[in-house]
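What follows is each chain in one-letter form.
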Amino acid sequence: IRLRMIDESSGRVLDESRLELQADEFQQVVRLSFVPERAGDIPVKIEAVPVEGETDLENNAVSQTVAVQNKTLRVLLVQQQPL
């Protein structure tokens, strides 16, 4: 199966991944990512490209909005617990 992440405002494909479905698994984890070009709300659609013989295409896509902020992120990294 081919999965794509699409920017709905421009129609541009942001990322794409292929995976092989296993008959005994109901769920699989796939990582799709992109580097945004601008801050703000970006409407994205994740879609599974239809396979040959597929008849129900209603459940092949989901839309979501990604909120991108242009801010400095501060992170505290702890390597070990105090003695």
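Everything quoted here is computed from the prediction, not taken from an experiment.

Draft legend 1. Just the layout of surface pockets, in detail. Considered as a void within the structure, the largest pocket measures approximately 370 Å³ in volume. Lining the largest pocket are 20 residues, with I1, L3, L19, L21 and A48 sitting closest to its centre. Elements that contribute at least two residues to the lining of the largest pocket include exactly β3 (40-48) and β4 (61-68). Counting residues per element, the lining of the largest pocket draws most heavily on β3, which supplies 3 residues. Per-class residue counts for the lining of the largest pocket are 12 nonpolar, 5 polar and 3 charged.

Draft legend 2. Geometry of the sheet that holds β3. As summarised here, the arrangement of the 4 strands in space is β2-β1-β3-β4, forming an open sheet in which the pairing is antiparallel. Each end of this open sheet is capped by a strand with a single partner; those strands are β2 (13-18) and β4. Neighbour to neighbour, the strand axes of the sheet diverge by 20 degrees on average, direction disregarded. Relative to β3, strand β1 (residues 2-7) runs antiparallel, the two sharing 5 bridges. Pairing of R4 across the sheet is with E47, part of β3.

Draft legend 3. Quick look at the pattern of salt bridges. With the rule as written, the count across this model stands at 4 salt bridges. Here E47 and K45 are joined by a salt bridge, their closest N and O atoms 3.7 Å apart. Overlapping salt bridges, with partners in common, bring together R4, K45 and E47 in one network.

Draft legend 4. Spotlight on the environment of R31. Looking at the secondary structure, you find R31 in the loop between β2 and β3. On a C-alpha basis, the gap between R31 and V13 in space is 15 Å, while along the polypeptide they are 18 residues apart.

Draft legend 5. Seen up close, the pairing of β1. Here β1 pairs with β2 via 5 bridges, running antiparallel. Its bridge partner being in β2, R4 is matched across the sheet by E16. Joining the antiparallel neighbours β1 and β2 is a turn of 5 residues, in which G11 adopts a positive phi near 80 degrees.

Draft legend 6. Representation of the environment of E20 in the model. Mapped onto the secondary structure, E20 falls in the loop between β2 and β3. C-alpha separation for the pair E20 and I1, spaced 19 residues apart in sequence, amounts to 6.1 Å.

About the thresholds
Residues numbered from 1 in each chain as written. Predicted model: local features only at pLDDT ≥ 70, side-chain atom pairs only at ≥ 80, totals over all residues. Heavy atoms only, no water. 1 Å grid on protein atoms, 1.4 Å probe; cavity = no way out; pocket = protein on both sides within 12 Å on 5 of 7 lines; lining within 4 Å. Points joined across faces, edges and corners; volume = space filled by probe spheres on them. Helix = DSSP H or I, 4+ residues; strand = E, 2+ residues; numbered from the N terminus. Nonpolar A, V, L, I, M, F, W, Y, C, P; charged D, E, K, R; others polar. Pairing = 2+ DSSP bridges. Axes fitted to C-alpha atoms, helices over the stretch in contact; angles between N-to-C directions. Salt bridge = Lys/Arg side-chain N within 4 Å of Asp/Glu carboxyl O.

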